[in-house]
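Each chain, written out:
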Amino acid sequence: MGLNLQQQYQTAARDCVECGLCQKDCFFLQQYGSPKEIAERGLRADELLRESFECSLCGLCTVVCPKDIDPALMLRDMRIRGREAGLGEFAEHRGILSYERWGISPLFTWYGLPQKCTAVFFPGCAMLGSRSRRMVQIYERLRENISGLGLVLDCCAKPSHDLGRRDFFARNFGAVKEFLAGNGVRTVLVACPSCYRVWQDYGEGMRVRTIYEEFARGGLPEKLQSPVTVTVHDPCAVRGETGIHRAVRELVAGMGLEISEMKHYGRRTVCCGEGGAACYLVPEVAGNWTKLRAQEAEDRHIITYCAGCTNFLGQLTRTDHVADLLFEPEQTLAGNIRATRSPLTWLRRLVLKKNLHRLVKPDLAGRRDRSGRVKISL
């Protein structure tokens, strides 16, 4: 089967004790059975390969497993096998794949590397369009402490990664990594948890850090005059990164806000509903995650650090991005911050790209060509 999927099936079938911990809060496993049942059916046939695309890939099952089984990895690799077997093509994914394709196109990509650039800010796709002005503010704040900081507008190709498009992901993320490493960049600062996951897992020697860790290290923000109680939603892409969880809470608490945790947080956080692109195939199932999060938040204002989570959770309950809180705290807490929505996000990205050359003053600039490779353009 490749990718040791057969071995993963055998391990899950042998070691899973069907304790029910992974199924307790997982709507996918409640529908399709325990990891043992899934693995045993997988050993007999490929019947579950299509269904694996309904999993959020959030990883909560892996964290709670007392036998150290990794059902999330098994299901992710089932998707790769599904695509190889011709069972992983869904019309419902055309939108997200089109979004990714435009994100890595010559029109929307740009690399600006000043002299002696060893670190870059890699904002990620979602915040570039929804919060383009915020991205400029973040870059300007970061370079106060990081001389020669570069800026990259590009996509890490995580949608393809999660949808089992192994070759496409490797080729397109590899092009980003090769260009940056080949031009002396050793550190990547990210705003997006999904981008963090990709760089951490596939960066191969590149150091990755979130802007939240950087800001917390550089000093806490000023306290608000009218502190309130909030709760923090940790995106599932970084559920195991306790340093990031801590940095975000230090920033929020440093503003004088009181944090009241939900039942699921940190390593045991739950998905917002967008994870693994399951929301496109089974929105009613994925929506259960969003409902669960809204129920756990009760009447508390959610602060998160993922643009996707902010959008999904914001459909049911008050949710804001921590970047908005840091730069416009009073307006954010008053509910006066409005993120840009599609299709205007594309226009914002084009305007941002047009103005960045003047802001960054690069010694070397680049962008993708039509083949997906990153080429010097200056």
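A brief report on the enclosed structure follows. Every chain is numbered on its own, with residues counted from 1 as its sequence reads. This being a predicted model, a pLDDT of at least 70 is required before a residue's local features are given, and a value of 80 or more before pairs of side-chain atoms are given or counted; all residues contribute to the totals for chains, interfaces and linings. Processing note: side-chain calculations cover all non-hydrogen atoms of the structure and skip hydrogens and water entirely.

Attention now goes to the sheet that holds strand 1 (residues 110–113). A pair of strands is considered paired only if DSSP assigns at least 2 bridges between the two. By the criteria applied, helices consist of DSSP H or I runs no shorter than four residues and strands consist of E runs no shorter than two, each listed in order from the N terminus. Strand order in the open sheet made by the seven strands is 5-4-2-3-1-10-11, with mixed pairing throughout. The open sheet has two free edges, formed respectively by strand 5 (207–210) and strand 11 (374–376), since each of these has just one partner strand. Each neighbouring strand pair of the sheet contributes to a mean axis angle of 25°, computed without reference to strand direction. Where helix 12 (residues 193–202) meets the sheet, its contacts fall on strand 2 (119–122), strand 4 (187–190) and strand 5, and the angle it forms with strand 5 comes to roughly 160°. Only the stretch in contact is used when fitting a helix axis, every axis being a line fitted to C-alpha atoms; angles between N-to-C directions are given from 0 to 180 degrees. Residue contacts follow a heavy-atom distance rule, with two residues in contact if any of their heavy atoms lie within 4.5 Å.

Once that is clear, we can look at empty space enclosed by the protein. Think of a 1 Å grid over the protein atoms and nothing else: a 1.4 Å probe that fits but is trapped marks a cavity, an open set flanked by protein within 12 Å on at least five of seven lines marks a pocket, and residues with an atom within 4 Å of a point count as lining. Grid points are joined across faces, edges and corners, and a volume is the space filled by probe spheres set on the points. Evaluated as defined, the whole model comprises three cavities of 30 Å³ or more. For the largest cavity, the calculated volume is near 110 Å³. As for the largest cavity, its lining consists of 17 residues, of which Cys16, Cys19, Cys22, Cys65 and Pro66 are closest to the centre. Within the residue set of the lining of the largest cavity, elements represented by two or more residues are helix 2 (21–24) and helix 5 (60–64). It is helix 2 that contributes the most residues to the lining of the largest cavity, three residues altogether. Note on residue classes: Ala, Val, Leu, Ile, Met, Phe, Trp, Tyr, Cys and Pro are nonpolar, Asp, Glu, Lys and Arg are charged, and everything else, Gly too, is polar. Of the residues that constitute the lining of the largest cavity, the class distribution is twelve nonpolar, three polar and two charged. The computed volume of the second largest cavity comes to approximately 80 Å³. Taken together, 13 residues make up the lining of the second largest cavity; nearest its centre are Cys26, Cys55, Cys58, Gly59 and Cys61.

Attention now goes to the packing of aromatic side chains. Stacked, tilted and edge-to-face pairs are distinguished by plane angle, under 30 degrees for stacked and over 60 for edge-to-face with tilted covering the rest, among Phe, Tyr and Trp rings (Trp via its six-membered ring) whose centres lie within 6.5 Å. Under the defined criterion, the tally for this structure stands at 13 aromatic pairs. Plain terms: the ring middles of Phe169 and Tyr202 are 5.0 Å apart, the flat faces sit at 70° to each other, and that makes the pair edge-to-face. Here the residue Phe169 occupies a position in helix 11 (residues 166–182), and Tyr202 occupies one in helix 12, the gap between them amounting to 33 residues. Exposed residues in this analysis have more than 50% of their type's maximum accessible area, buried residues have under 20%, and partly exposed residues fall in between, with area computed by a 1.4 Å probe over protein chains only. Judged by relative accessible area, which is 28%, Tyr202 ranks as partly exposed. Clustering of aromatic rings is evident, with ring pairs tying together Phe122, Phe169, Phe173, Trp199 and Tyr202.

Turning our eyes to something else, we now look at the pattern of salt bridges. Take a side-chain nitrogen of Lys or Arg and a carboxyl oxygen of Asp or Glu: if they are within 4 Å of each other, that pair is a salt bridge. Using the criterion set out here, one finds 23 salt bridges in the structure. Among the salt bridges present, the one from Arg197 reaches Glu241, with a minimum N-O distance of 3.4 Å. Of this pair, Arg197 sits in helix 12 while Glu241 is found in the loop between strand 6 (229–233) and helix 14 (242–254), placing the two residues 44 residues apart along the sequence. A salt bridge links Glu261 to Arg249; the shortest N-O distance between them is 2.6 Å. Here Arg249 lies in helix 14 and Glu261 lies in the loop between strand 7 (258–259) and helix 15 (278–281), a separation of twelve residues in the sequence. Residue Arg249 is classed as buried on the basis of its relative accessible area of 14%. Several salt bridges converge on common partners, so that one network encompasses Arg131, Arg133, Arg134, Asp324 and Glu328.

This brings us to the pairing of strand 3 (residues 150–153). Residue alternation in strand 3 divides its side chains into two sets, Gly150 and Val152 and Leu151 and Leu153, and both sets are buried. Sheet analysis places strand 1 next to strand 3, joined by three bridges and oriented antiparallel. Bridge assignment links Gly112 to a residue of strand 3, and that residue is Leu151. Where strand 2 and strand 3 come together, two bridges link them in parallel fashion.

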